[in-house]
There are 2 protein chains.
Amino acid sequence: MQLYHHPLCPHSRFVRLILAEYGIEAELIEERACERRREFLLLDPAGRTPVLVDDDGTVVPGAGVIAEYLDETKGAVAGAARLMPRGVRERVETRRLTEWFNGKFFDEVTNWLVTEKVYKRFASAENGGAPDMDVVRVARANIRYHMRYVGYLSGARNWLAGASLTYADFAAAAHISCADYLGDAPWDEDETAKHWYQRIKSRPAFRPLLADRAAGTIPGPCYADLDF
Amino acid sequence: MQLYHHPLCPHSRFVRLILAEYGIEAELIEERACERRREFLLLDPAGRTPVLVDDDGTVVPGAGVIAEYLDETKGAVAGAARLMPRGVRERVETRRLTEWFNGKFFDEVTNWLVTEKVYKRFASAENGGAPDMDVVRVARANIRYHMRYVGYLSGARNWLAGASLTYADFAAAAHISCADYLGDAPWDEDETAKHWYQRIKSRPAFRPLLADRAAGTIPGPCYADLDF
């Protein structure tokens, strides 16, 4: 498999975590979606990372579509480690929370942080430049209530969507890990959320992400630290 | 079933079309999500329409989650009329295009049009007021390339995602119908897209939408006309 991704694209990180949990090795191809490379747009006209290309040439674009595809093609063999639960209500809750992080958290937090602090560095002169700190401050305010929601959920349940680890945990962790890389994860906000993140961050699937470095950036001081 | 919706929320229309295609009657409860009503937020903390409540009390929030839920609980009995294809690649294409309209088209077109022309009418004094016509003009420019994409897809295939009618067609039709209601669907842009829309608009599932009126608005002149 090949995965077109960017090291600080949270949706790409979500897919990388799933692949690692399922023990699937994929060739990572770094893509700067904002450059709108012709060959990339031919793979996916929406022109957004991540895009997965399976061994048989099937092109699967977008975090949500990839998650459903991987569940349908690889989930059954994962047995108890399957990241999409079998029960109807549990599936609703897993999809609701996965969409919460890949949609709402992205719109309110990670899209702002990554665009301002990372993508602007290699954007065209017209769209690039220094980060707009007003935008960054809004994202930093917004992430606090999401942290409390993660704390509330992981305090009431074993993992975010229920008793077992699901896509919801990896969606949340993918987005929070981007904020953490950029030094914008407020670990003083919610102790329960921090404990949940420590648990998921310690999983072997997380290691490649902790070694990630995006060109021109340095991760926050506790980014790769398992005991932050 | 109960469906919390708004008459001009395109994601609600998407779900109403699916329910009607499957012959499922649901009680419609009009919700103004921007009012952030406490009972509604308890159903879905994201506070967005649509939210489906099934007969057994299962709460299913969000267009994408509802579509998967309905496929898993009602799709199998629909047989050949099932709106999510069985083949893996066909499922990828259906989900890709459903997400294209519910995500990208919404971000670039319907969110702007409906917020400016409808939701602002009943918003608080702080957020309400006359439509910002600069925003409306951007949405009207953006919808044109989406119309050409619909024309391209429906010219190359029978329906948008392939040989059979799928969720992708209803996602596209739901969003375009909102723009059409507001008089912002450019029917001069692409003849093939117009023919596709005529076909889907003629389906019985579409009738309740064509009778819709949102408070304080009048639909465009050809909105309910099947031969526009």
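Residues numbered from 1 in each chain as written. Chains lettered and ligands numbered in written order. Predicted model: local features only at pLDDT ≥ 70, side-chain atom pairs only at ≥ 80, totals over all residues. Heavy atoms only, no water.

Q: How would you sum up the relation of the copies chain B and chain A? Please name residues and give values.
A: Superposition record for chain B on chain A: RMSD 0.0 Å, screw rotation 180°, translation along axis 0.0 Å. On the angle and the small slide along the axis, the relation comes out as a two-fold axis. Take the interface residues of chain B: 100% of them recur as interface residues in chain A, which is what a same-surface contact looks like. (Least-squares fit on C-alpha atoms with pLDDT ≥ 70 in both. Contact = heavy atoms within 4.5 Å.)

Q: Explain the interface of chain B and chain A to me, and be specific about the residues and the numbers.
A: In this complex, chain B contributes 24 residues to the contact, which on the side of chain A involves 24 residues. Buried surface at the junction of chain B and chain A, summed over both partners, amounts to about 2,100 Å²; 62% is from carbon and sulfur atoms. Applying the counting rule to chain B against chain A returns 7 salt bridges. In this structure, Arg91(B) engages Glu72(A) in a salt bridge whose closest nitrogen and oxygen atoms are separated by 2.8 Å. (Buried area = accessible area lost by both parts, 1.4 Å probe. Salt bridge = Lys/Arg side-chain N within 4 Å of Asp/Glu carboxyl O.)

Q: Explain the state of the cysteines residue by residue, including any values.
A: Residue and element names in this part refer to chain A. On inspection of all chains with the given rule, the structure shows 0 disulfides over all chains. Left without a disulfide partner, Cys34 is nearest to the cysteine sulfur of Cys9, which lies 12 Å away. In this structure Cys34 comes out as partly exposed when scored by relative accessible area, which is 45%. (Disulfide = S-S within 2.5 Å. Buried < 20%, exposed > 50% of the residue type's maximum accessible area, 1.4 Å probe, protein only.)

Q: Go over the sheet that holds strand S2 (residues 27–30) of chain B, please, and point to the residues and values.
A: Residue and element names in this part refer to chain B. Spatial ordering of the open sheet is given by S2-S1-S3-S4, a layout of 4 strands whose pairing is mixed. For this open sheet the edge positions go to S2 and strand S4 (59–61), each flanked by a neighbour on one side alone. The mean angle between the axes of side-by-side strands here comes to 20°, regardless of whether they run parallel or antiparallel. Summarising the sheet, strand S1 (residues 2–5) and strand S3 (residues 51–53) pair through 3 bridges and their orientation is antiparallel. Note that in S3 the partner of Leu3 across the bridge is Leu52. Packed onto the sheet, helix H3 (residues 63–78) meets S3 and S4 and runs at close to 130° relative to S4. (Pairing = 2+ DSSP bridges. Helix = DSSP H or I, 4+ residues; strand = E, 2+ residues; numbered from the N terminus. Axes fitted to C-alpha atoms, helices over the stretch in contact; angles between N-to-C directions.)

Q: Describe the domain arrangement of chain A, with residues and values.
A: All names here are of chain A. Domain annotation of chain A identifies domain 1 (2–81) and domain 2 (88–209). A straight line from the C-alpha centre of domain 1 to that of domain 2 covers 19 Å. Of the residues lining the interface, 20 residues belong to domain 1; the matching set on domain 2 comes to 25 residues. Between domain 1 and domain 2, roughly 2,100 Å² of surface is buried when both sides are summed, and carbon and sulfur atoms account for 67% of that area. Looking at the side of domain 1 facing domain 2, the largest losses of area belong to Leu8, Arg13 and Leu17, adding up to 31% of the total buried there. Two residues, Glu21 and Arg203, come together in a salt bridge whose shortest N-O distance is 2.7 Å. Where domain 1 meets domain 2, there are 6 residue pairs in polar contact (both at pLDDT 80 or more). Elements represented by at least two residues in the side of domain 1 that touches domain 2 include exactly helix H1 (10–21) and helix H3 (63–78). Looking at which element gives the most residues to the side of domain 1 that touches domain 2, the answer is H1, with 9 residues. A class-by-class count of the residues in the side of domain 1 that touches domain 2 yields 12 nonpolar, 2 polar and 6 charged. (Domains from an automatic or database assignment. Polar contact = N/O pair within 3.5 Å; in protein donor to acceptor, adjacent residues only side chain to side chain. Nonpolar A, V, L, I, M, F, W, Y, C, P; charged D, E, K, R; others polar.)

Q: Now, about the packing of helix H1 (residues 10–21) of chain B against helix H4 (residues 88–117) of chain B: what can you tell me, with residues and values included?
A: Residues and elements named next belong to chain B. For the pair H1 and H4, interaxial distance at closest approach is 11 Å and the crossing angle is 150°. As far as their axial angle goes, H4 and H1 are roughly antiparallel. Helix-helix and strand crossings are classified by hand; for H1 and H4 the assignment is right-handed. When H1 is examined against H4, the residues Pro10, His11 and Phe14 are found in contact with a partner set consisting of Thr98, Asn102, Phe106 and Thr110. Looking at the contact of H1 with H4, its residues break down into 3 nonpolar, 4 polar and no charged. (Parallel < 35°, antiparallel > 145°, perpendicular 65-115°, else oblique. Left-handed = near helix turned anticlockwise from the far one by under 90°.)

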